[in-house]
Structure formats: C-alpha cells, structure tokens
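Residue-level listing of the chains:
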Amino acid sequence: MAETLRTIEIECLRFNPESDTAPSYQTYSVPFTDDMSVLQGLQYIKDELDGSLSFRWSCRMAICGSCGSMINGVPQLSCHTFLRDYHPGKLRIEPLNHFPILRDLAIDQTDFVRNKLPAVKPYIIPKESQALAQGEFLQTPREMHKYYHYSECINCLLCYAACPQYGLDSKFTGPAAIALMQRYNADSRDAGRAQRMDLANSDHGVWGCTLVGYCSEVCPKGVDPAHAVNQNKVASTLDYFLRFLRPNGDKR
Amino acid sequence: MKRSNAPVFWALFGAGGMLAALIAPMLVFITGVAVPTGRLLPADAMSYERMLTLARNGFGKLALLLVVLLFMFHGGLRMYHSLHHLGFHTGSGAKAVIFGIAVLATIAAAVALLAVG
Ligand code: SF4
Ligand code: FES
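Novice: Hey, could you go over the overall build of chain A for me, with residue numbers and the actual values?
Specialist: Scanning chain A for helices and strands turns up nine helices and seven strands. Viewed in the frame of its principal axes, chain A has a C-alpha envelope of about 70 × 45 × 30 Å. Within chain A, buried positions represent 46% of all 252 residues. If you take every contact in chain A between residues at least 6 apart in sequence, the share linking residues at least 24 apart comes to 65%.

Novice: For the site of ligand 1, give the residues involved together with the corresponding values.
Specialist: With respect to spatial proximity, 13 residues lie near ligand 1, and among them Cys153, Cys156, Leu157, Cys159 and Cys219 of chain A are the closest. Partitioning the shell around ligand 1 into residue classes produces 11 nonpolar, one polar and one charged.

Novice: Describe in detail the interface of chain B and chain A, supporting the description with residues and values.
Specialist: Across the contact, 14 residues belong to chain B and 21 residues belong to chain A. Around 1,500 Å² of area is buried between chain B and chain A when both sides are counted, 66% of it from carbon and sulfur atoms. Among the residues of chain B in contact with chain A, Met1, Arg3 and Trp10 of chain B are the three that bury the most area, contributing 45% of the side total. Summed over the shared surface of chain B and chain A, the result is one salt bridge. Taking the shortest distance from any N to any O, the salt bridge between Arg3 of chain B and Asp239 of chain A comes out at 2.8 Å. Here chain B is connected to chain A by four residue pairs in polar contact (both at pLDDT 80 or more). The set of elements that each furnish at least two residues to the side of chain B that touches chain A consists of helix H1 (6–37) and helix H3 (58–85) of chain B. Ranked by residue count, the leading element in the side of chain B that touches chain A is H1 of chain B, at five residues. The class makeup of the residues in the side of chain B that touches chain A is six nonpolar, six polar and two charged.

Novice: I'd like a description of the domain arrangement of chain A, backed by residues and values.
Specialist: A common way to express how large an interface is: the accessible area buried when the components associate. Residues and elements named next belong to chain A. Parsing chain A into structural domains produces domain 1 (6–107) and domain 2 (110–249). Put simply, the middle of domain 1 and the middle of domain 2, counted by C-alpha atoms, are 31 Å apart. Opposite the 17 residues of domain 1 that make contact, domain 2 presents 16 residues. Carbon and sulfur atoms supply 69% of the area that domain 1 and domain 2 bury against each other, a total of about 1,100 Å² over both sides. Three residues stand out in domain 1 for area buried against domain 2, namely Pro75, His98 and Phe99, and they jointly supply 47% of the buried area on that side. Here domain 1 is connected to domain 2 by zero salt bridges. The interface formed by domain 1 and domain 2 includes four residue pairs in polar contact (both at pLDDT 80 or more).

Novice: Residues and numbers for the packing of aromatic side chains, please.
Specialist: Each aromatic ring pair is characterised by the separation of its centres together with the angle its planes make. Residue and element names in this part refer to chain A. Scanning the model with the defined rule gives nine aromatic pairs over all chains in all. For the pair Phe99 and Tyr160, a centre-to-centre distance of 6.4 Å together with 50 degrees between the ring planes defines the contact as tilted. With Phe99 in the loop between strand E5 (91–94) and strand E6 (101–103) and Tyr160 in helix H4 (residues 158–162), this residue pair connects regions lying 61 residues apart in the sequence. The class of Tyr160 is buried, set by a relative accessible area of 0%.

Novice: Lay out helix H7 (residues 193–201) of chain A with the relevant residues and their values.
Specialist: Those residues of H7 of chain A that fall on the buried side of the exposure criterion are Arg196, Met197, Leu199, Ala200 and Asn201 of chain A. Lining the buried residues of H7 of chain A we find helix H2 (110–119), helix H6 (175–185) and helix H9 (225–242) of chain A.

Novice: Tell me about H1 of chain B, residues and numbers included.
Specialist: Along H1 of chain B, the largest kink reaches about 50 degrees and is centred on Ile23 of chain B; proline Pro25 of chain B follows within four residues of it. Buried residues of H1 of chain B: Ala6, Pro7, Phe9, Trp10, Phe13, Gly16, Gly17, Ala20, Ala24, Ala34 and Val35 of chain B, and no others.

Novice: Report on the packing of H6 of chain A against H9 of chain A, specifying residues and quantitative values.
Specialist: Residues and elements named next belong to chain A. Where H6 meets H9, the closest approach of the two axes is 8 Å, and the angle between their N-to-C directions is 60 degrees. For the element pair H6 / H9, the angle class is oblique. In the packing of H6 onto H9, the handedness of the crossing is left-handed. Facing Pro175, Ala176, Ile178, Ala179, Met181, Gln182 and Asn185 of H6, the residues of H9 in contact are Pro225, Ala228, Val229, Gln231 and Asn232. A per-class count over the contact of H6 with H9 returns eight nonpolar, four polar and no charged.

Novice: Describe the pattern of salt bridges, naming the residues involved and giving the relevant values.
Specialist: When the charged atoms of two side chains with opposite charge come close together, those side chains can pair. All names here are of chain A. Scanning the entire structure with this criterion turns up 11 salt bridges over all chains. Note that Arg14 and Asp50 form a salt bridge whose closest N and O atoms lie 3.0 Å from each other. Residue Arg14 is located in strand E1 (residues 6–14), and its partner Asp50 is located in the loop between helix H1 (38–49) and strand E3 (68–71); the two are separated by 36 residues in the primary sequence. Judged by its relative accessible area of 11%, Arg14 falls in the buried class.

Parameters and conventions
- Residue indices follow the written sequence of each chain, beginning from 1 at its first position.
- Numbering of ligands from 1 and lettering of chains from A proceed in the order in which they are written.
- A pLDDT threshold of at least 70 governs which residues receive local features in this predicted model, and a stricter bar of 80 or more applies before side-chain atom pairs are shown or counted, although totals over entire chains, interfaces and linings include all residues.
- In computing side-chain values, all of the structure's heavy atoms are included and hydrogens and water are not.
- Only DSSP runs of H or I with at least four residues qualify as helices, and only runs of E with at least two residues qualify as strands; both kinds are numbered from the N terminus onward.
- Only protein chains enter the accessibility calculation, which uses a 1.4 Å probe; a residue whose area is less than 20% of its type maximum is buried, one above 50% is exposed, and one in between is partly exposed.
- Residues count as neighbours in contact if any of their non-hydrogen atoms are within 4.5 Å of one another.
- Whether a residue is near a molecule or strand is decided by its heavy atoms; if any one of them lies within 4 Å of it, the residue is near.
- Basically, the charged four are Asp, Glu, Lys and Arg, the nonpolar ten are Ala, Val, Leu, Ile, Met, Phe, Trp, Tyr, Cys and Pro, and anything else, Gly included, counts as polar.
- Buried area: the sum, over both parts, of the accessible surface (1.4 Å probe) that disappears when the two are put together.
- Only one rule defines a salt bridge in this text: a Lys or Arg side-chain nitrogen within 4 Å of an Asp or Glu carboxyl oxygen.
- Whenever two N or O atoms come within 3.5 Å, that pair is a polar contact, provided that in protein one can donate a hydrogen and the other can accept it, and provided that, for residues adjacent in sequence, both atoms are side-chain atoms.
- These domain limits were set by an automatic method or by a database of domain assignments.
- Here a pair means two rings of Phe, Tyr or Trp (six-membered ring of Trp) with centres within 6.5 Å. Their orientation is stacked below 30 degrees between planes, edge-to-face above 60, and tilted elsewhere.
- To obtain the bend at a residue, axes are fitted to the seven residues ending there and to the seven starting there, and the angle between these axes is taken.
- Axis definition: a line fit to C-alpha positions, over the contact stretch in the case of helices; interaxial angles, taken between N-to-C directions, run 0 to 180 degrees.
- Roughly parallel means an angle under 35 degrees; roughly antiparallel means over 145; roughly perpendicular covers 65 to 115; every other angle is labelled oblique.
- What makes a crossing left-handed is the near helix being turned counterclockwise from the far one by less than a right angle; a clockwise turn instead makes it right-handed.

Take a look at the structure:
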C-alpha cells in the first residue's frame, strides 16, 4: 500500500529557564506517514524545522523510559503514541507535569533519581550474605510471579506526572518508588522489608496516597503502582496494630 | 521517620467501604423505596414496634452501631480526601471537624441504643 503523506500541527512548549521568564508555545507543521510516532514527529521538527527544540529519547521502543511527555494533557511515551491517532486534530506536547523544566520538553528528574529511588532501597537485601561459591539464590516461577510485573518499571515517571498528590506535595514518595519497594519486599530472596517499613509507614510513604489510581492507568508497562501502594497500606496497617503485640514494640 | 496515624482511619474507612458495598444499596432500597411505597414490602415492616425489638436485641444493637460508626468514618475519610483533591489543604483542622462529627454520631448512636433498653 502506498504511504500517503499527511500534515499535522504540533504545538510544543518552549522554555529556557536561563533566558525566558515564562514558557511559550510554538507550532510546527509536520508531514507524517501512518507508521510515525509522536517521537518521530519531534525528531522531524529537530532535523528539518528547528534544531533548537530539546527533548529526550533513546530506545524508540518503550524500554528506556526517557521520552515521556504530556501529549494533549495525558502523560505518555512519545515513542509509544502515533501521530495518525491525533489527525486531523492537532497535537500539544508539553514536558511531564509536576517536574521542573530543564529546557523545552526535558524535565529535571533529580528528585526521583536522587531522593525517591534510594529511599526505598531498590535492591535485594539478603538475610545472610552468601559467598559466591555457595551458588545463586534460587527462586521458583511462582515466587517470581509475585513481584515480576513490578520489576517491569522503566522509571519513565509518567505515573508521577499523573499523580495529583505528588503535584500537591512532592515529598510524597510516589507511585513508581512504592511499586519498586513492593518489588523487593515481595521477592523471596529479600529480607529488607523491615528497613523499608519506616518510610512506608510515614505520612510521605504509602499514606500520602489518596487512591486516585490514575498512575496505574497511564503506566505503559502494566506495573500497576496503585496496587503496590494498596498492598503496602494493608501491610502498614497490620504493622501499626501488631506492634502492640510485639515484645519490643516499634523496634523490629 | 514519624509513623503516620493514618492506619487507624484507613482501617475504619476500609471496613466501612466493605460494609457499604455489601449493604448500603439494599438499605437505601428497603428504607427509601420498598417500605415507604408499601408495594414490595409491607408498609409496617419497619413499624416502631419492630424497630424497637431490633434495637433492644444485643445483636441488633451491635449491627446498628457498626453501621453508623463505619459509615460515618468511611464517608469522613472520603470527604477529607475530596477537600484535598479540590485544593482545600485544610490539614488537621478539617480532620478534627470531620472525624469529630463521626465520633459524635457514634456516641449519639451508642447512647440512643442504650437508652431504648
Ligand atoms: S510505574 Fe509505570 S508509569 Fe511509573 S515510572 Fe514505572 S513504568 Fe513509568
Ligand atoms: S524512547 Fe525509550 S521509551 Fe520512548
């Protein structure tokens, strides 16, 4: 089938914090074929129309998590979204909500990378360390099934852009970090739950969530962070009441 | 890190939500439609005498108290979160008012249930 070339208007948010006082919008006319993603539309702009437009991308296949942006107000991966679905309407592309803008569509993810992620200790904390010679920590498929979908997170931060709580108060640990907390808590090789519990139990842990659920709706990898938060609300509630039965109370 | 006291409210909220999902529509239907119109259930199904018997029975008392307590706390947390979503960051003030009302309603229900003997 011969490819028909159509044209779509793409409106991009432009902002350079060093020289602009406020963001503005710039519209480009982009010719496209049926198989072109929104990311390819942006690349066309950068290559052919305006080399100064800044945005992030790498894998072009929903794996690296770097191309997230607000597409007509919805947080999406631009490589995972097609121009044809918006034609003949136009497209408005903005940087992900709730994050500072570095330049145009590129946001500053420092808060997630430096604060949220390390806080949930996203690595296996074994009960006893095991010498290499003792072999690997074994796991059955059933045990893996308990955490596998949480491990599919690509840190794209669409869920943070979707989360009104994070927008209101960025101290909230947030969906992806809590999903990763659960990813390790639910891993049969991990014994670090107690170390992650203090954060989960705090107002900025799972209790910062009011179960809006939009995070799970926008997640491109089916991680379902809202479910992870809920599982940890149950765990945190049990922990809250069971400490009265524990001989040494709050000290685990 | 300070432990949140949210689990107390969340546990009551969760229990209330479960109870509401199970019986609230039926309660509304029985008390609001079926009995008042007198067509689906006899009009005296909820007569004063019958209701008094229910409220004097130990299990009846417990059921009535639980319905009031859990529904109030469930609705309370929903309202508290909704205020927050609408942009009113009222903090502990609204919390005190909302859950104060829930506590008062529960006490009122308990007193009334004891008073009917
Ligand atoms: S949970 Fe989903 S939306 Fe959130 S960062 Fe991970 S992959 Fe992206
Ligand atoms: S470019 Fe890697 S996820 Fe879109």
